[in-house]
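# Coordinate inspection notes
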Amino acid sequence: MRTSLGNEIKKVAPDAVLVRVFPVRRGFTYLFEPDFYRTFLDHKTEEGVARLVRRTFGDLADWRVAHDFYLPTGDLYLTPEPHQNGFIPEDDQSFGLAPVRRIAISDGNLG
């Protein structure tokens, strides 16, 4: 049986809709709720979520830059740069999920 990546993330962060995975060298991951607020989890849990996202999408992404995984659709997006709309999710009410930033369309399944 295949398990949804979104469902696995919801087990540790039930209100999360977006996971922002930064490069490993930055050492952190953000999870956002639908109201654009961050969900604060312990560092170990955040890193576990980031590993799941990286493993699921593998070589489809350049993990040297930040990416956003949107749970409702299972899509992976290139994270906007700090000076662009969407880097701060509430700026444009879109989490930066512009179609031009989409790099992987997936069913979000593990396994």
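Scroll up to find the structure this text is about.
Now for a look at the structure at hand.

Reading guide: rules and limits
Residues numbered from 1 in each chain as written. Predicted model: local features only at pLDDT ≥ 70, side-chain atom pairs only at ≥ 80, totals over all residues. Heavy atoms only, no water. Helix = DSSP H or I, 4+ residues; strand = E, 2+ residues; numbered from the N terminus. Contact = heavy atoms within 4.5 Å. Areas by Shrake-Rupley, 256 points an atom, 1.4 Å probe, with all protein chains shown as cover. Lys, Arg positive; Asp, Glu negative; His and termini not counted. Charge placed at Lys NZ, Arg CZ, Asp CG, Glu CD. Pairing = 2+ DSSP bridges. Salt bridge = Lys/Arg side-chain N within 4 Å of Asp/Glu carboxyl O. Buried < 20%, exposed > 50% of the residue type's maximum accessible area, 1.4 Å probe, protein only. Patch = residues over 30% accessible without salt bridge, like charges linked within 9 Å, V, L, I, M, F, W, Y side chains within 5 Å. Arc of directions from axis to C-beta. Polar contact = N/O pair within 3.5 Å; in protein donor to acceptor, adjacent residues only side chain to side chain.

### Focus: the overall build of the chain
Each helix and strand counted, the chain has 2 helices and 8 strands in total. Starting at the N terminus and ending at the C terminus, the chain contains elements arranged as β-α-β-β-β-α-β-β-β-β. Its C-alpha atoms put the chain at 40 × 25 × 25 Å along the principal axes. Sequence-distant contacts, at least 24 apart, represent 55% of the contacts inside the chain between residues at least 6 apart. Summed over all atoms, the accessible surface of the chain reaches about 6300 Å², with 53% contributed by carbon and sulfur. Averaging the positions of the 14 positive and the 16 negative side-chain charges in the chain gives two centres separated by 6 Å.

### Observations regarding the pairing of strand 6 (residues 75-78)
Note that strand 5 (residues 67-70) and strand 6 share 4 bridges and pair antiparallel. Within strand 6, the position partnered with Asp 68 by the bridge is Tyr 77. Here strand 5 hands over to strand 6 after 4 residues, with Gly 74 in that stretch at a positive phi of 80 degrees. Summarising the sheet, strand 6 and strand 7 (residues 102-104) pair through 2 bridges and their orientation is antiparallel. Note that in strand 7 the partner of Tyr 77 across the bridge is Arg 102.

### Focus on the pattern of salt bridges
Applying the stated criterion across every chain, the model contains 4 salt bridges. A salt bridge links Glu 8 to Lys 11; the shortest N-O distance between them is 3.0 Å. In this pair, Glu 8 and Lys 11 are both assigned in helix 1 (residues 5-12), 3 residues apart and thus about one turn of the helix distant. The class of Lys 11 is exposed, set by a relative accessible area of 61%.

### Things to note about a nonpolar patch on the surface
Nonpolar side chains collect at one region of the surface, where Val 65, Leu 78 and Ile 103 lie side by side and expose about 200 Å² of accessible area between them. Residue position: Ile 103 is located in strand 7.

### Things to note about helix 1
Among the residues making up helix 1, those that are buried are Leu 5, Gly 6 and Ile 9. Summarising the axial view, the buried residues of helix 1 lie within an arc of 95 degrees, below the 170-degree limit, and thus occupy one face. Where helix 1 begins, the side chain of Ser 4 points an oxygen toward the backbone nitrogen of Gly 6, at a separation of 3.2 Å.

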